[in-house]
Amino acid sequence: MPSTPAKKLASRNSFEDFKTLTELMTVPRGIPVVEEPAPPVPPRDYFGCLRRACNYATSTLAGWRGSPEDPSRYTRPRAPSGQKVGASRSQAGATDVKLPYVCRINLLMVGESGVGKTSLVTRFTQGHFLRGHAPTIGVEFASKIVDTAAEGGKTKMKLHMWDTSGHESFRSLTRSYYVNALCIMIVFDVTRRQSFESLHNWVAKTRELAPQGAFIMLVGNKIDGGIDRTREVTHVEANDFAHELGLPYFETSARTGEGVEGLFNAGAEMVWGAVRRNELDPRTTKGIVIM
Ligand SMILES: Nc1nc2c(ncn2[C@@H]2O[C@H](COP(=O)(O)OP(=O)(O)OP(=O)(O)O)[C@@H](O)[C@H]2O)c(=O)[nH]1
Ligand SMILES: [Mg+2]
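Residues numbered from 1 in each chain as written. Chains lettered and ligands numbered in written order. Predicted model: local features only at pLDDT ≥ 70, side-chain atom pairs only at ≥ 80, totals over all residues.

(A) Geometry of the overall build of the chain. Looking only at helices and strands, the chain features 9 helices and 9 strands. For the chain, with 291 residues in total, the buried portion stands at 26%. In the chain, once contacts between residues fewer than 6 apart in sequence are set aside, the share between residues at least 24 apart is 66%. (Helix = DSSP H or I, 4+ residues; strand = E, 2+ residues; numbered from the N terminus. Buried ≥ 20, exposed ≤ 12 C-beta atoms within 10 Å, placed from the backbone. Contact = placed C-beta atoms within 7 Å.)

(B) Molecular detail of the site of ligand 1. Inspection of the region around ligand 1 gives 23 residues, with Gly116, Thr118, Thr136, Gly166 and Gly226 positioned closest. Taken together, the residues that form the shell around ligand 1 break down as 4 nonpolar, 14 polar and 5 charged. (Near = placed C-beta within 6 Å. Nonpolar A, V, L, I, M, F, W, Y, C, P; charged D, E, K, R; others polar.)

(C) Focus on the nonpolar core. With 48 residues, the main nonpolar core has Ala181, Cys183, Ile184, Ile186 and Val271 as its most contacted residues. When contributions to this core are tallied by element, the ones reaching two or more residues are β3 (103-110), α4 (117-126), β5 (155-164), β6 (183-189), α7 (199-209), β7 (215-221), α8 (235-245) and α9 (260-276). Residue contributions to this core peak at 8 residues, all from α9. Each residue touching Val271, except ones within four places of it in the same chain, is listed here: Ile105, Leu182, Cys183, Phe215 and Ile288. (Core = buried A, V, L, I, M, F, W, Y, C linked by C-beta atoms within 7 Å.)

(D) Looking closely at α4. Among the 10 residues of α4, 7 are classified as buried, and the element is accordingly described as predominantly covered. The set of residues buried in α4 consists of Lys117, Thr118, Ser119, Leu120, Val121, Arg123 and Phe124. Looking at the buried side of α4, the elements it contacts are β3, β4 (139-148), β5, β6, β7 and α9. Gly127 occupies a position one or two residues after α4 and carries a positive phi of about 75°.

(E) Highlighting the environment of Arg131. Summarising the element assignment, Arg131 is placed in the loop between α4 and β4. For Arg131, a count of 8 C-beta atoms within 10 Å translates into the label exposed. Spatially, the C-alpha atom of Arg131 lies 8.1 Å from that of Arg255, the residues being 124 residues apart in sequence.

(F) Inspection of the pairing of β3 at higher detail. β3 sits mainly inside the fold: 6 of its 8 residues count as buried. In this structure, β3 lies alongside β5, joined through 7 bridges in parallel fashion. Paired with Asn106 across the two strands is His160, which belongs to β5. Both β3 and strand β9 (residues 288-290) contribute to a ladder of 3 bridges, which runs antiparallel. (Pairing = 2+ DSSP bridges.)

(G) Fine view of unusual backbone geometry. With phi around 70°, Lys222 is a residue other than glycine that occupies positive phi space. Mapped onto the fold, Lys222 is located in the loop between β7 and α8. Taking the C-beta count within 10 Å as the criterion, Lys222 has 25 such neighbours and is therefore assigned buried. Although it is not a glycine, Asn278 adopts a positive phi angle of roughly 60°. Looking at the element boundaries, Asn278 is found in the loop between α9 and β9.

(H) Looking closely at the packing of α4 against α9. Interhelical geometry of α4 versus α9 gives an angle of 90° and a closest axis separation of 9 Å. Looking at the two axes, α4 sits roughly perpendicular to α9. Of α9, the residues touching α4 (which contributes Leu120, Arg123 and Phe124) are Val260, Glu261 and Phe264. Here the residues of the contact of α4 with α9 sort into 4 nonpolar, no polar and 2 charged. (Axes fitted to C-alpha atoms, helices over the stretch in contact; angles between N-to-C directions. Parallel < 35°, antiparallel > 145°, perpendicular 65-115°, else oblique.)

(I) Focus on the confidence of the model for the chain. The share of residues in the chain with pLDDT of 70 or more is 67%, and the mean pLDDT across the chain is 80. Confidence, expressed as mean pLDDT per element, reaches its minimum in the chain at strand β1 (residues 87-89) with 43 and its maximum at strand β8 (residues 249-251) with 98. Here residues 63-90 is modelled with pLDDT under 50, and outside its nearest four sequence neighbours on either side it reaches 41 contacts, counting other chains as well. (pLDDT = per-residue confidence, 0-100.)

Structure (structure tokens):
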């Protein structure tokens, strides 16, 4: 009895089933295949997409939040303090946004490897302590807005902090960062005398490379002494040394946080005080931008 395709399928012989399925699926020769026309593709509105993207980017950059499709839903951004930023709509849809700080200054951290430069910046910007030493590769960046009370009246300033590696192999790279620094902090470790003794070289190098009018500060870090170390440089000795060189001296502990806020605020106040006393012209001085 000739086997039908259905019987072949029922037989569950996989090879036979495969052959039968192939036969069933094959279009017999001679029968023309009618191809269905593809549905029309709507033309893409590339210019519309681009225009919407541009509108959105412009409104976002200008500090407005919300849907670019519905300008009535836009809301004003808020300053970190919670106060409204002084934003206003001006001609032709442009937006003026008053920044919540008056100026931006560049601050450079230098000193021997392992003295705690990164730990100081981390403590100041993030409020915690880095226990292990992960050497900085080249230069790291952080920023923070500070309140200064320089010369009376509160002033907000933005600090751009460039944290350099103290390792020899990065010295040629880090040299280029002095040029645009207005405030340079030379850090040493009060529990490591060698880092104090190398200060002469750091100060000489800083004076050679820093721009005219830059502020240099000496910072003795690790005053907490740590678990297994004792202080090798006394406060009096370090202070006298700084006095001889005509530099301000600060002591800090990135571990406990002691003196850290005060250090960065003092840097900002020194700069802003000089601006207010007209001792520093922001238009001609590198490392400061008035907003
Ligand atoms: N006890 C104590 N340890 C600290 C303090 N500050 C930093 N350290 C430790 O010192 C080590 C080096 O700190 P870093 O901040 O990485 O040093 P650095 O100067 O950035 O080093 P480089 O990036 O290599 O130039 C880490 O193990 C920190 O935990 C401090 O105030 N007290
Ligand atoms: Mg570091």
